[in-house]
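So you can see what is in the structure, the chains are spelled out below.
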Amino acid sequence: MAQAKTLIIYFSLSGNTKRAAEQLQRKLGGDLYRLEPVQPYPQDYQEIITVGEAEKDHDRHPAIKQDWPDLSQYDEIAVGYPIWWGQPPMVIHSLFDQADLKGKLIMPFATSSSTPLSSTLTVMRQLTRMAGATLTLD
């Protein structure tokens, strides 16, 4: 039986989630892809908060660059993100809106100084279900 091929997709502003994604890649192998919105987030922390909170409050899913690899070659996709207001940033919603993740095994990972990954799982379960994917924590 062939080994599952893994893609690690991550969104990172400060670099923390990027470092976590790189550590995961060293552990699991697989390919690494940085998720980027078409309109970059501001550099100023207070402006990031303003933009990110407005996206959340108004359910805005920012457009993302769609230069990702051919997803059909992957069985497992690790999705990494910083935790914003107890959930994934809205750019993660955009990933699930725009990518064909049907039939994929989705493994979430997140970074935060105070909020556990478990706080994001309700949203991640909804996103994976709507995409026809399966969420796993293993």
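Summary of the structure given here. From a predicted model like this one, the values you see are computed outputs, not experimental measurements.

## Observations concerning the overall build of the protein chain
Scanning the protein chain from terminus to terminus reveals four helices and five strands. Starting at the N terminus, the α and β elements of the protein chain follow one another as β-α-β-α-β-α-β-α-β. Whereas a compact globule of 138 residues would reach a radius of gyration of roughly 14 Å, the protein chain reaches 14 Å, a difference of no more than 12%. Projected onto its principal axes, the C-alpha coordinates of the protein chain cover approximately 50 × 30 × 30 Å. Residues counted as buried form 42% of the 138 residues belonging to the protein chain. For the protein chain, restricting intrachain contacts to residue pairs at least 6 apart in sequence, the fraction spanning at least 24 positions comes to 79%. Taking the average location of the 13 positive side-chain charges in the protein chain and that of its 16 negative ones, the two points are 4 Å from each other.

## Let's talk about the sheet that holds strand β5 (residues 134–135)
Here we have five strands laid out as an open sheet, ordered β2-β1-β3-β4-β5, and parallel in their pairing. Both outer strands of the open sheet, β2 (31–34) and β5, are each paired with one neighbouring strand and no more. Note: strand β1 (residues 6–10) against strand β3 (residues 76–82), five bridges, orientation parallel. Within β3, the position partnered with Leu 7 by the bridge is Ile 77. Most of the contacts of helix α1 (residues 16–28) go to strand β4 (residues 105–111), to which it runs at about 135°, and overall it touches β1, β2, β3 and β4.

## Notes on the layout of surface pockets
The method is simple in principle: a probe with the dimensions of a water molecule rolls over the atoms, and the space it marks as empty is what remains. Its boundaries defined by the atoms lining it, the largest pocket holds a volume of some 470 Å³. Ser 14, Tyr 45, Pro 82, Ile 83 and Trp 84 are, among the 18 residues lining the largest pocket, the residues nearest its centre. Sorting the residues of the lining of the largest pocket by element identifies α1 and α2 (45–57) as the ones contributing at least two each.

## Looking at the packing of aromatic side chains
Remark: the centre distance and the inter-plane angle together describe each pair of aromatic rings, the angle taken between the planes. Considering all chains together, one arrives at four aromatic pairs under this definition. Ring centres 5.6 Å apart and planes at 55° place the aromatic pair Phe 11 and Tyr 41 in the tilted group. Of the two residues, Phe 11 is situated in the loop between β1 and α1 and Tyr 41 in the loop between β2 and α2; the sequence distance between them amounts to 30 residues. Of the two residues, Phe 11 and Tyr 41, both sit in the buried class. Judged by centre distance (6.2 Å) and plane angle (85°), the ring pair of Trp 84 and Trp 85 falls under edge-to-face. Accessibility expressed as a relative area gives 14% for Trp 84, which makes it buried. Within the aromatic cluster, the residues linked to one another by ring pairs are Phe 11, Tyr 41, Trp 84 and Trp 85.

## Re the pattern of salt bridges
Enumeration over the complete set of coordinates arrives at three salt bridges. Across the pair Lys 56 and Asp 57 runs a salt bridge, and its minimum N-O distance is 2.8 Å.

Analysis parameters
- Residues numbered from 1 in each chain as written.
- Predicted model: local features only at pLDDT ≥ 70, side-chain atom pairs only at ≥ 80, totals over all residues.
- Heavy atoms only, no water.
- Helix = DSSP H or I, 4+ residues; strand = E, 2+ residues; numbered from the N terminus.
- Rg over C-alpha atoms; globule rule 2.2 N^0.38 Å.
- Buried < 20%, exposed > 50% of the residue type's maximum accessible area, 1.4 Å probe, protein only.
- Contact = heavy atoms within 4.5 Å.
- Lys, Arg positive; Asp, Glu negative; His and termini not counted.
- Charge placed at Lys NZ, Arg CZ, Asp CG, Glu CD.
- Pairing = 2+ DSSP bridges.
- Axes fitted to C-alpha atoms, helices over the stretch in contact; angles between N-to-C directions.
- 1 Å grid on protein atoms, 1.4 Å probe; cavity = no way out; pocket = protein on both sides within 12 Å on 5 of 7 lines; lining within 4 Å.
- Points joined across faces, edges and corners; volume = space filled by probe spheres on them.
- Phe/Tyr/Trp six-rings, centres within 6.5 Å; stacked < 30°, edge-to-face > 60°.
- Salt bridge = Lys/Arg side-chain N within 4 Å of Asp/Glu carboxyl O.

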